[in-house]
Amino acid sequence: MAHPETHHGHIPVMRNRMGDLLAKPIEAMGERAVILDGTLGAGGHSEYFLERFPQAHVIGLDRDSRSLVDARARLAPFGDRFLALHCRFDQFEQPLAEAAADEQPAACLALEHGFGGALFDLGVSSMQLDEEERGFAYRVDAPLDMRMDPATSLTAATVLNTYSHGELARVLKVYGEERFAGKIASAVIREREKEPFDSSARLVELLYATIPAAARRSGGHPAKRTFQALRIEVNKELESIEQALPAVCNRLASGGRAVFMSYQSLEDKLVKRFFKEITTSSSPPGLPMELPGHEAKFSLITRGAEQASEQEIQDNPRAASVRVRAVEAR
Ligand SMILES: C[S@@+](CC[C@H](N)C(=O)[O-])C[C@H]1O[C@@H](n2cnc3c(N)ncnc32)[C@H](O)[C@@H]1O
């Protein structure tokens, strides 16, 4: 039998620290406490919260219906303390209201008292990376799909085969931070005129041929940045984070905390910028005192971005790039 920590081969990143960050409001709220797990995945963090906070409820969101099936089965022993909703994490209001109308206790509590805690462990899950046919991994030849929610229509192949040179170059440059975006976009357009792209091996081959050898030696795997860019575009990942930040912060109970775990700088920049905005007073600078009604409604819990310990990175390489930021509602 799988040990809980290695369920699906996935070790939840900084699991204990996430529990420590949420403990204060969750323990204070007792039976009214609801934690929103915005990125349920295999349910590793949710399972830990349900065990560590025996009075709390957890609502898990995922846009990937396969993750939901697995996580629901894993967390079934917690009965109605756990509720899973299939949605984009910035679009939870309607499914939450429907679940409350259906008298699901976790949803009713959340609507009445707000969330005591919220966690967003961004990006793709180990399960999604392992399911080769979904096309997230560049080391195996697979269909150019990359949809987290297979019910949406845009795939990586559609992006490659239909976007203009300008659009493609922008996606690669902005979302992949790829220096050779223009050159790669030109090569893709030349190649797709011969035959549309449908699987990853041909794209990886094109990237090897287009990115100069010197840059390949220093810049990591030549497909890494292009795959990241396509994934972000296909799943509208940054738009979703940008909209989730205010949506979740507005739903926090007083004293409730929101924690974001980012794995690349584009995500972390959005979180950092938004947290700065909501933790800064809107009184004009230079006044000797705070103007009433202009106080910041949130305070920062983390100083800068927290990172995983050396030991955890050794045990779980996925933790190497994580940056954690948290705020508390006043
Ligand atoms: C890194 S995994 C989370 C792993 C989880 N914390 C655990 O311990 O098992 C991220 C999950 O979030 C989901 N996800 C990513 N972006 C999403 C979004 N915008 N809306 C809903 N789910 C999303 C992915 O489908 C994936 O299952």
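Given the structure is predicted, the values throughout are model-derived calculations rather than measurements.

Quick notes on the site of the ligand
Around the ligand, 25 residues are found, and the nearest of them are His45, Asp62, Phe89, Asp121 and Gln128. At 3.1 Å, a backbone N or O of Gly44 approaches an oxygen atom of the ligand. For the ligand, the protein covers 99% of the area, taking 600 Å² as the surface of the free molecule. Here the ligand is seated within the largest cavity. The residue makeup of the shell around the ligand, split by class, is eight nonpolar, eleven polar and six charged.

Points about the UniProt feature "binding site: S-adenosyl-L-methionine" (unreviewed entry) in the protein chain
Here the UniProt-annotated "binding site: S-adenosyl-L-methionine" (unreviewed entry) positions come out as Gly43, Gly44, His45, Asp62, Phe89, Asp121 and Gln128. When the annotated set is filtered for residues lining the largest cavity, what remains is Gly43, Gly44, His45, Asp62, Phe89, Asp121 and Gln128. Looking at where Gly43 falls in the secondary structure, it is placed in the loop between β1 (34-37) and α2 (44-52). Excluding anything up to four places from it in sequence, Gly43 contacts Ala71, Arg74 and Leu75.

Side note on the confidence of the model for the protein chain
Per-chain confidence: the protein chain averages 94 in pLDDT, with 97% of residues scoring 70 or above. Averaged pLDDT values over the elements of the protein chain bottom out at 83 in helix α11 (residues 213-218) and peak at 99 in β1. Here residues 1-7 is modelled with pLDDT under 50, and outside its nearest four sequence neighbours on either side it reaches nine contacts, counting other chains as well.

What to know about the nonpolar core
By size, the foremost hydrophobic cluster in this structure holds 75 residues, and its most contacted members are Ile59 and Leu203. Here the element with the most residues in this core is helix α13 (residues 237-249); it accounts for seven residues. When residues no more than four places from it in sequence are discounted, the contact partners of Leu203 are Leu144, Leu160, Val188, Phe197, Thr226, Phe227 and Leu230. Membership of the second largest hydrophobic core comes to 33 residues, among which are Met18, Met29, Leu50 and Val58.

Rules used throughout
- Residues numbered from 1 in each chain as written.
- Predicted model: local features only at pLDDT ≥ 70, side-chain atom pairs only at ≥ 80, totals over all residues.
- Heavy atoms only, no water.
- Near = heavy atom within 4 Å.
- Polar contact = N/O pair within 3.5 Å; in protein donor to acceptor, adjacent residues only side chain to side chain.
- Areas by Shrake-Rupley, 256 points an atom, 1.4 Å probe, with all protein chains shown as cover.
- 1 Å grid on protein atoms, 1.4 Å probe; cavity = no way out; pocket = protein on both sides within 12 Å on 5 of 7 lines; lining within 4 Å.
- Sits in = over half its atoms within 2 Å of the grid points.
- Nonpolar A, V, L, I, M, F, W, Y, C, P; charged D, E, K, R; others polar.
- UniProt positions renumbered as here; feature names shortened; annotations may be inferred.
- Helix = DSSP H or I, 4+ residues; strand = E, 2+ residues; numbered from the N terminus.
- Contact = heavy atoms within 4.5 Å.
- pLDDT = per-residue confidence, 0-100.
- Core = buried A, V, L, I, M, F, W, Y, C linked by side-chain atoms within 4.5 Å.
- Buried < 20%, exposed > 50% of the residue type's maximum accessible area, 1.4 Å probe, protein only.

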